[in-house]
Amino acid sequence: MTDYKTLGLVNTRELFKKAVGGGYAIPAYNFNNMEQLQAIINGCAESKSPVILQVSSGARKYANQTMLRYMAQGAVAMARQDLKSDIPIVLHLDHGDTYELCVSCIESGFSSVMIDGSSHTYDDNVALTKKVVEYAHKYDVTVEGELGVLSGIEDDVKAEKSNYTKPGEVEDFVKKTGVDSLAISIGTSHGAYKFKLAPGELPPPLRFDILEDIEKRIPGFPIVLHGSSSVPAEFVEMCNKYGGKLDNAVGVPEDQLRKAAKSAVCKINIDTDGRLVMTAKIRQVFVEKPSEFDPRKYLGPARDALKDLIAHKNREVLGSADKA
Ligand code: G3H
Ligand code: 13P
Ligand code: ZN
C-alpha cells in the first residue's frame, strides 16, 4: 500500500472547497505519455494553478499502470525541484468502472478516484459508489460519483444518447453514498464531435437550469463537468490543413465553461483538446519538414503547444490561475 501523501500528492477536498467558494474550477487533464504530463505540469506551474492529473483505464492499458504511477511521482518531483513550484497536484482515476480498479489505484498511490456507476441502475450505482467510498475514505482518498449519462464514449461504456442528470436524485445519492463530488450531465459529451450543427449554427447552451436546480438541492456541493473540451477551430483547421480529416468537430464554447466554473462546478475535465493540439502540431511538422525523423523534433513542438493551451485554459476559462 502506497500512501499518496508520501508522494507529495493531495486529495481533492480542500481544493474543491476553495474552488466552490472562489468561483473557479480545478482543471483535470488526462495524460497517457511523458510529453502530455510534462505539458500539464509546466502549463499549471506557469499559471500557478492547482491540477488534477487524470488516468483512464485506457491510459493504464496503454502506458502500463506501474509506469503511470511512477510518472506521476516524477512529475511531482519535477514541479518541486526543477520548477520550484508548490502547486497542489492530485492523481485521479478517471471513469473507474469497478470496485477492484478503484482499490488497485488507491493501493498504488492515487489520491482520488472516480467510480462511474452511471451505466447501472440507480440502486446499483448507489451500492457500488458507497462501497468505493467506504474503502477510499479509510485512506483519506476522495471519491467522485456520477449521475446521468453523457453521450459519446465513456471509456468502455458507450452511451448513444445523453440522459441529463435528474435533480430529484442528487440529494439522496450524495447522502446515501457519501461521495465527495458528483459528475453531472447537462449537455456536454466526450470526444471531438459534441454537437451536430448546420452550417453557421452555434452549439446549444448547456442546461444551466438543471445545474441551478441541482445546486439548490445540494448547496455548495462540488460538481464535476466531464466532456468539457472546446475543440478550438484553429486546431481543427490546422489538423485538416496538414492532411487530417476532422470534419464538423465541435466542442463546448469557452464562455459556457467560464459560466459553469463560476458556479458549484469545481472540476472541469479536458482530454480531447490536448489530443487535438498535439496532433495538429505533429501533422504540421510532418508536412513542413518531411525529412525530420527525430521524435523530439515533432513531440517537442506538440508539447509546447499543449503547455500554452493549458496555461490559457487555466487563465481565461477555468479561472484557476494564481489559485495554487
Ligand atoms: O473520458 C474519457 C477520457 O477522455 C479518456 O479517454 O479512455 O481514450 O483514455 P480514453
Ligand atoms: P473531453 O473529451 O471533452 O476532453 O472530455 C474528457 C473527459 O471528460 C475525461 O473524463
Ligand atoms: Zn469523462
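Residues numbered from 1 in each chain as written. Chains lettered and ligands numbered in written order. Predicted model: local features only at pLDDT ≥ 70, side-chain atom pairs only at ≥ 80, totals over all residues. Heavy atoms only, no water.

Chemist: Please explain the coordination of the zinc ion (ligand 3) as it appears in this structure.
Modeler: With distances of 2.1 Å, the protein atoms coordinating the zinc ion (ligand 3) are His95 (NE2), His190 (NE2) and His226 (ND1). Along the chain, the residues donating to the zinc ion (ligand 3) fall in the pattern H-x94-H-x35-H. With histidine 95 in strand 3 (residues 89-96) and histidine 190 in the loop between strand 8 (181-184) and helix 8 (208-217), this residue pair connects regions lying 95 residues apart in the sequence. (Donors = N, O, S within 2.8 Å, 3.2 Å for Na, K, Ca; no water. Helix = DSSP H or I, 4+ residues; strand = E, 2+ residues; numbered from the N terminus.)

Chemist: Where do I start with the pairing of strand 8 in this structure?
Modeler: Side chains Ser181 and Ala183 project from strand 8 onto one buried face, and the interleaved Leu182 and Ile184 project onto a second face that is buried too. Where strand 5 (residues 142-147) lies against strand 8, four bridges are found, and the strand directions are parallel. Bridge assignment links glutamate 146 to a residue of strand 8, and that residue is alanine 183. Strand direction decides the pairing type here: strand 8 and strand 9 (residues 223-225), joined by three bridges, are parallel. What sits directly across from leucine 182, in strand 9, is isoleucine 223. Once you follow strand 8 into helix 8 and on to strand 9, the crossover reads as right-handed. (Buried < 20%, exposed > 50% of the residue type's maximum accessible area, 1.4 Å probe, protein only. Pairing = 2+ DSSP bridges. Right-handed = clockwise from strand over helix to strand, strands pointing away.)

Chemist: Whenever I open this one, empty space enclosed by the protein confuses me. Can you help?
Modeler: Unoccupied space between atoms shows up once a probe the size of one water molecule is rolled over them. Scanning the model with the defined rule gives one cavity of 30 Å³ or more in all. Counted as a void, the largest cavity has a volume near 70 Å³. The wall of the largest cavity is formed by Tyr29, Asn30, Gln36, Ile40, Ile270, Asp271, Asp273, Gly274, Leu306, Leu309 and Ile310. Taken together, the elements giving at least two residues each to the lining of the largest cavity come down to strand 1 (26-30), helix 2 (34-46), helix 11 (272-288) and helix 12 (295-318). Element by element, the count of residues in the lining of the largest cavity is highest for helix 12, at three residues. (1 Å grid on protein atoms, 1.4 Å probe; cavity = no way out; pocket = protein on both sides within 12 Å on 5 of 7 lines; lining within 4 Å. Points joined across faces, edges and corners; volume = space filled by probe spheres on them.)

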